[in-house]
Amino acid sequence: MTTSIKLKTQNSKLKTRPQAREGFDQNSSGLGRNHSAGKHYNRALLLRLILQQGPLSRLSLSRLTRLSPAALTVLTGQLLEEDRLVEATEQESEDEVGRAGRPSTLLDLNPASGLALGVHIAPKAVRVGLVDLKGQVRAKVRLGPPGADAARALDEIGQAISALLQQDGLQTSQLLGVGVGAVGLVEPELGINLNALSLNWRDIPIRAELENRLGLPVLVENNARAMALGEHLFGRGFPYRAANLALVYVGAGIGGGIIINGQPYRGSAWAAGEIGHIRVVPGGEACYCGGRGCLETVASETTLVRQARNLESPFLANYPDPIDLEALVAAVQAEDEAALGLVRQAGIYLGMAVGAMAKVLNPETLVLAGPLLDGRL
């Protein structure tokens, strides 16, 4: 049973920018703070450095953060006692960090010491996953399309999270929090989905509603931007320590995420990375954004499946099931000429937009993601 809630927010609230949450500074310089007020910030900084560059010795951490050896010893001691950190079996020679002497013990994250939930809200489905501190997925569940009723969708997400925790025998008190990647224009500091045209959502306070339901801290970000951050921290950007990364996600829609100097780039109105609404066909098909000839109108999963249903294709004409993405993939794998032509044309348009993005941003790593780009086509 769902409850009736008022989801609309006042736009005037968006004019004020709230204080950063304890232990998190979006304008971080990457250096530690040698005073008591910086304790939570320093803990978060150490954990992030070890996640991104670890395992690391205490000496390496001291040089990276410029924290005093005394402050660093106290902080790492507390994190070891709490099992957030573990001493790694490998050792780092002090010669490698510029000082001769005996090898020093390396510190690494203990992935089992904390769990978090991830939620992906997209037009075709909602996915919920339980992850450890190193981003490994322990359990996941897929829900149906969120639809236009945001209250119902958030109720279902809350119920799915509760079921996932019961399945794993966990209490909410054992979780660090919830991260939400939502399609559309997202104001992350307040956790509001300002406008998701594909869902017909507007001014939905996702963070406040989920925090009320779950009693956990919630962070909300645009889905493609959250994917880019995930790739930077745990995925394709991680082995190269890529500080600058761009991601293009091709699914029911097409979105982009940008990481600059290790931080998500959102733009002046949180709309950076909207590659799906770059015009690639002058005077082309009308897009739901109000433009014409956008990349989404020629290369998204939604467009390709719709066009595949109208192809003069012997393979698809005899396909036993309704024409969907799997049918199109099967037709391409069978070298059906009509399906191949459709996908090749979409690839040309996608390549134009991605190439322009690469030239403008010049990232160290560019990631292509989504069901159309997982190697099947």
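Given the structure is predicted, the values throughout are model-derived calculations rather than measurements.

The rules behind the values
- Residues numbered from 1 in each chain as written.
- Predicted model: local features only at pLDDT ≥ 70, side-chain atom pairs only at ≥ 80, totals over all residues.
- Heavy atoms only, no water.
- Core = buried A, V, L, I, M, F, W, Y, C linked by side-chain atoms within 4.5 Å.
- Buried < 20%, exposed > 50% of the residue type's maximum accessible area, 1.4 Å probe, protein only.
- Helix = DSSP H or I, 4+ residues; strand = E, 2+ residues; numbered from the N terminus.
- Axes fitted to C-alpha atoms, helices over the stretch in contact; angles between N-to-C directions.
- Parallel < 35°, antiparallel > 145°, perpendicular 65-115°, else oblique.
- Left-handed = near helix turned anticlockwise from the far one by under 90°.
- Contact = heavy atoms within 4.5 Å.
- Nonpolar A, V, L, I, M, F, W, Y, C, P; charged D, E, K, R; others polar.
- Pairing = 2+ DSSP bridges.
- Polar contact = N/O pair within 3.5 Å; in protein donor to acceptor, adjacent residues only side chain to side chain.
- Salt bridge = Lys/Arg side-chain N within 4 Å of Asp/Glu carboxyl O.
- Expected span 1.5 Å × (residues − 1).
- Disulfide = S-S within 2.5 Å.

Novice: Lay out the nonpolar core with the relevant residues and their values.
Specialist: Counting residues in each nonpolar core, the largest one holds 34 residues, and the members touching the most others are Val119, Ile121, Leu130, Ile157, Val180, Trp201 and Ile206. Secondary structure elements with two or more residues in this core: β4 (115-121), β5 (126-132), β6 (137-143), α4 (150-168), β7 (175-182), β10 (201-204), α5 (206-214) and β11 (218-222). The leading source of residues in this core is α4, at eight residues. Core analysis: the second largest hydrophobic core is formed by 32 residues, Ile254, Val298, Leu328 and Ala353 among them.

Novice: With reference to specific residues and values, describe the packing of helix α2 (residues 58-65) against helix α3 (residues 69-81).
Specialist: One way to put it is that α2 packs onto α3 with a least axis distance of 11 Å and a crossing angle of 120°. In this view, α2 runs oblique relative to α3, as classed from their interaxial angle. Where α2 crosses over α3, the handedness of that crossing is right-handed. On α3, the residues touching Arg58, Leu61 and Ser62 of α2 are Leu72, Thr76 and Leu80. Of the residues assigned to the contact of α2 with α3, the class counts are three nonpolar, two polar and one charged.

Novice: Any chance you could break down the pairing of strand β9 (residues 192-196) for me, citing the residues and the numbers?
Specialist: The element β9 is extensively covered by neighbouring structure, given that four of its five residues are classed as buried. Pairing of strand β8 (residues 185-187) with β9, which is carried by three bridges, proceeds in the antiparallel orientation. Its bridge partner lying in β9, valine 186 is registered against asparagine 193. Counted between consecutive antiparallel strands, the loop separating β8 from β9 contains four residues, among which glycine 191 sits at a positive phi close to 70°. Note: β9 against β10, three bridges, orientation antiparallel. Of the residues in β10, the one forming a bridge with alanine 196 is tryptophan 201. The turn linking β9 back onto β10 is made up of four residues, and asparagine 200 within it adopts a positive phi angle of 65°.

Novice: So, helix α10 (residues 325-333): which residues are in play, and what are the values?
Specialist: Every buried residue of α10 is accounted for by Leu325, Ala327, Leu328, Val329, Ala331 and Val332. Elements that come into contact with the buried residues of α10 comprise α8 (301-308), α9 (314-317) and α11 (337-361). Two or three places before glutamate 326, at the start of α10, stands the capping residue aspartate 324, its side-chain oxygen 3.2 Å from that residue's backbone nitrogen. Looking one or two places after α10, you find glutamate 335, whose phi comes out positive at around 60°.

Novice: Before we move on, can you summarise the side chain of threonine 76 with the specific residues and values?
Specialist: Mapping threonine 76 onto the fold places it in helix α3. Only 2.8 Å separates the side chain of threonine 76 from the backbone oxygen of leucine 72, close enough to count as a polar contact. Not counting chain neighbours up to four residues away, the residues in contact with threonine 76 comprise Leu46, Arg58, Leu61 and Leu107.

Novice: A description of the environment of glutamine 52 should follow, citing residues and the corresponding values.
Specialist: Following the sequence through the fold, glutamine 52 ends up in helix α1 (residues 39-53). For the pair glutamine 52 and phenylalanine 234, spaced 182 residues apart in sequence, the C-alpha to C-alpha distance is 8.1 Å.

Novice: Could you give me a rundown of the pattern of salt bridges, with the residues and numbers involved?
Specialist: For side chains of opposite charge, pairing can occur when their charged atoms come near one another. Tallying each qualifying case throughout the model produces eleven salt bridges. Put simply, lysine 124 and glutamate 301 hold a salt bridge, and the shortest N to O gap is 2.4 Å. Of the two residues, lysine 124 sits in the loop between β4 and β5 while glutamate 301 sits in helix α8, which places them 177 residues apart along the sequence. The exposure class of lysine 124 is partly exposed, given its relative accessible area of 45%. Glutamate 209 is the salt-bridge partner of arginine 213, the closest N and O atoms lying 3.0 Å from each other. In this pair, arginine 213 and glutamate 209 both sit in helix α5, four residues apart, roughly one turn of the helix. Judged by relative accessible area, which is 26%, arginine 213 ranks as partly exposed. Sharing partners across several salt bridges, the network here consists of Asp155, Glu209 and Arg213.

Novice: I'd like a description of the sheet that holds β4, backed by residues and values.
Specialist: Read from one edge to the other, the open sheet built from five strands follows the order β6-β5-β4-β7-β11, with strand pairing classed as mixed. Looking along the sheet, the strands with just one partner apiece sit at the ends: β6 and β11. Strand-to-strand, the axes of this sheet are offset by a mean angle of 15°, without reference to chain direction. For β5 and β6, the ladder comprises six bridges, and the chain directions are antiparallel. Across the sheet, the residue bridging to valine 126 is leucine 143, located in β6. Against the sheet, α5 contacts β4, β7 and β11, and its axis sits at roughly 150° relative to β11.

Novice: Can you explain α1? Please cite residues and give values.
Specialist: Under the 1.5 Å per step criterion, the end-to-end length of α1 is 21 Å for 15 residues, consistent within 8% with the ideal 21 Å. Among the residues of α1, those classed as buried are Tyr41, Asn42, Arg43, Leu45, Leu46, Leu49, Ile50, Leu51 and Gln52.

Novice: Run through the state of the cysteines, naming residues and quoting values.
Specialist: What the rule picks out here adds up to zero disulfides. As a non-bridged cysteine, cysteine 287 has cysteine 289 as the owner of its nearest cysteine sulfur, 3.7 Å distant. A disulfide-free cysteine, cysteine 289 has its sulfur positioned 3.7 Å from the sulfur of cysteine 294, the nearest such atom. Judged by its relative accessible area of 34%, cysteine 289 falls in the partly exposed class.

Nothing here speaks to function; it is geometry throughout.
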